[in-house]
Amino acid sequence: MSASRYTYLGPAGTFTEAALRTLPEAATRELEPMVSVPAALDAVRSGEAAAALVPIENSVEGGVTTTLDELASGEPLMIYREVLLPIAFALLVRPGTTLTDVKTVTGHPVAQPQVRKWLAAQLPHTAWESAASNADGARLVQEGRYDGAFAGEFAAATYGLEPLVTDIHDAQNAATRFVLVGRPARPAAPTGADKTSLVLWLRADHPGALLELLQEYAVRGVNMMRIESRPTGEGIGRYCFSVDCEGHITDRRVGEVLMGLKRVCRGVRFLGSYPRADQVPATVRPDMTDAAFTDAADWLNRCQDGRP
């Protein structure tokens, strides 16, 4: 395995690269752009890279389905870090292009919902076509295939383009969440502000099946931060669930949630426990602390020994 190489969704100039460069360890690693999320993750699976940074969630569009599906299938991987990056787009064009010259634009599919209103108001007759990434859209503009690309302003210099309009976003405070993914190993020690991610497959499709899953979290006071369904490919109506919750696998309440899910689900894939990017500590009820679980276990042992 190449411990010095990190891959990311490329080409150079993507928001993913910008997010990766916020990590201190990125300064000492070889950063290699890949053509797609699957390619970036497959490099980790094969041992060609130690880790990959990929987008997983956007505050406007929701989950990045390619990443969710890749983490749910194939050889298991684990999340070790997350990065939150504020997102604003620039309309990148070839030098000399004016706004009236822009008839075709491109960008990553996740970018389109974040600039749709601006595009309708400013360029209502412009045609949109999706690109593999925002930076790849910039490359296509450089090659003359499109008039403009929605990408990070920082990508302009890389592709010899100019930012015609900057700070484009339909939603204030838009952000994208990225995850650093590696091969399975022992999770990092808990920090008190952690997140645990899983993929869950229901054992059977029956009334209350999803409720049984949710109750494993609710009865232990574990806050579920995100749940998204994804088709399994096994047929219409067959889904798995991608879930994030507050807490670390070593927290007693979270560990018991995982054990409960293992009993009621057909399959459980542990994607890791890792520090939250926003560093917000978990809210824990007094009756759900590790001390409360230990006290309850001690009481049960005394009852079993005949000394309640």
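What you are looking at is a predicted structure, and each value in this text was computed from that prediction instead of being measured.

## Things to note about the sheet that holds strand E15 (residues 265–275)
Piece 1. Spatial strand order, E13-E14-E12-E15: 4 strands in an open sheet with antiparallel pairing. Strands with a single pairing partner mark the edges of an open sheet, and in this sheet they are strand E13 (224–231) and E15. Strand-to-strand twist of the sheet, defined as the mean angle between neighbouring strand axes without regard to direction, takes the value 15 degrees.
Piece 2. Note: E13 against strand E14 (residues 239–246), 7 bridges, orientation antiparallel. What sits directly across from Met-224, in E14, is Cys-245.
Piece 3. Sheet strands in contact with helix H6 (residues 209–218) are strand E12 (194–202), E13, E14 and E15, and its direction is about 155 degrees off that of E12.
Piece 4. Across the sheet, helix H7 (residues 252–264) touches E12, E14 and E15, and the angle it forms with E15 is around 160 degrees.

## As for the UniProt feature "site: Essential for prephenate dehydratase activity" (unreviewed entry) in the protein
Piece 1. Using the residue numbers shown here, the UniProt feature "site: Essential for prephenate dehydratase activity" (unreviewed entry) corresponds to Thr-176.
Piece 2. Within the secondary structure, Thr-176 sits in strand E11 (residues 175–182).
Piece 3. Residue classification places Thr-176 among the buried positions, given a relative accessible area of 10%.
Piece 4. Excluding anything up to four places from it in sequence, Thr-176 contacts Pro-55, Glu-57, Asn-58, Val-83, Leu-84, Leu-85 and Ile-87.
Piece 5. Among the polar contacts made by the side chain of Thr-176, one reaches the side chain of Asn-58 at a distance of 2.8 Å.

## Focus on the environment of Gly-306
Piece 1. Relative to the elements of secondary structure, Gly-306 occurs in the segment after helix H8 (290–304).
Piece 2. Accessibility expressed as a relative area gives 60% for Gly-306, which makes it exposed.
Piece 3. Between the C-alpha atoms of Gly-306 and Val-54, which are 252 residues apart in sequence, the distance is 55 Å.

## Digging into the sheet that holds strand E7 (residues 104–107)
Piece 1. The 5 strands lie next to each other as E8-E7-E9-E6-E10, forming an open sheet whose pairing is mixed. Pairing within the sheet leaves two strands with one partner each, and these edge strands are strand E8 (127–130) and strand E10 (162–168). Averaged over neighbouring strand pairs, the angle between their axes works out to 25 degrees when direction is ignored.
Piece 2. In this sheet, E10 lies alongside strand E6 (residues 89–93) in antiparallel orientation, the contact comprising 4 bridges. Looking at the pairing, Phe-89 lines up with Ile-168 of E10.
Piece 3. The sheet strands contacting helix H5 (residues 134–142) are E6, E7 and strand E9 (148–151), and the helix crosses E9 at an angle near 160 degrees.

## Things to note about the packing of aromatic side chains
Piece 1. Applying the stated criterion across every chain, the model contains 4 aromatic pairs.
Piece 2. Centroid distance Trp-118 to Phe-150: 5.9 Å. Interplanar angle 85 degrees. Geometry classified as edge-to-face. One end of the pair, Trp-118, is in helix H4 (residues 112–122); the other, Phe-150, is in strand E9, and 32 residues separate them in sequence.
Piece 3. Judged by its relative accessible area of 17%, Trp-118 is buried.

Cut-offs used in this document
- Residues numbered from 1 in each chain as written.
- Predicted model: local features only at pLDDT ≥ 70, side-chain atom pairs only at ≥ 80, totals over all residues.
- Heavy atoms only, no water.
- Pairing = 2+ DSSP bridges.
- Helix = DSSP H or I, 4+ residues; strand = E, 2+ residues; numbered from the N terminus.
- Axes fitted to C-alpha atoms, helices over the stretch in contact; angles between N-to-C directions.
- Contact = heavy atoms within 4.5 Å.
- UniProt positions renumbered as here; feature names shortened; annotations may be inferred.
- Buried < 20%, exposed > 50% of the residue type's maximum accessible area, 1.4 Å probe, protein only.
- Polar contact = N/O pair within 3.5 Å; in protein donor to acceptor, adjacent residues only side chain to side chain.
- Phe/Tyr/Trp six-rings, centres within 6.5 Å; stacked < 30°, edge-to-face > 60°.

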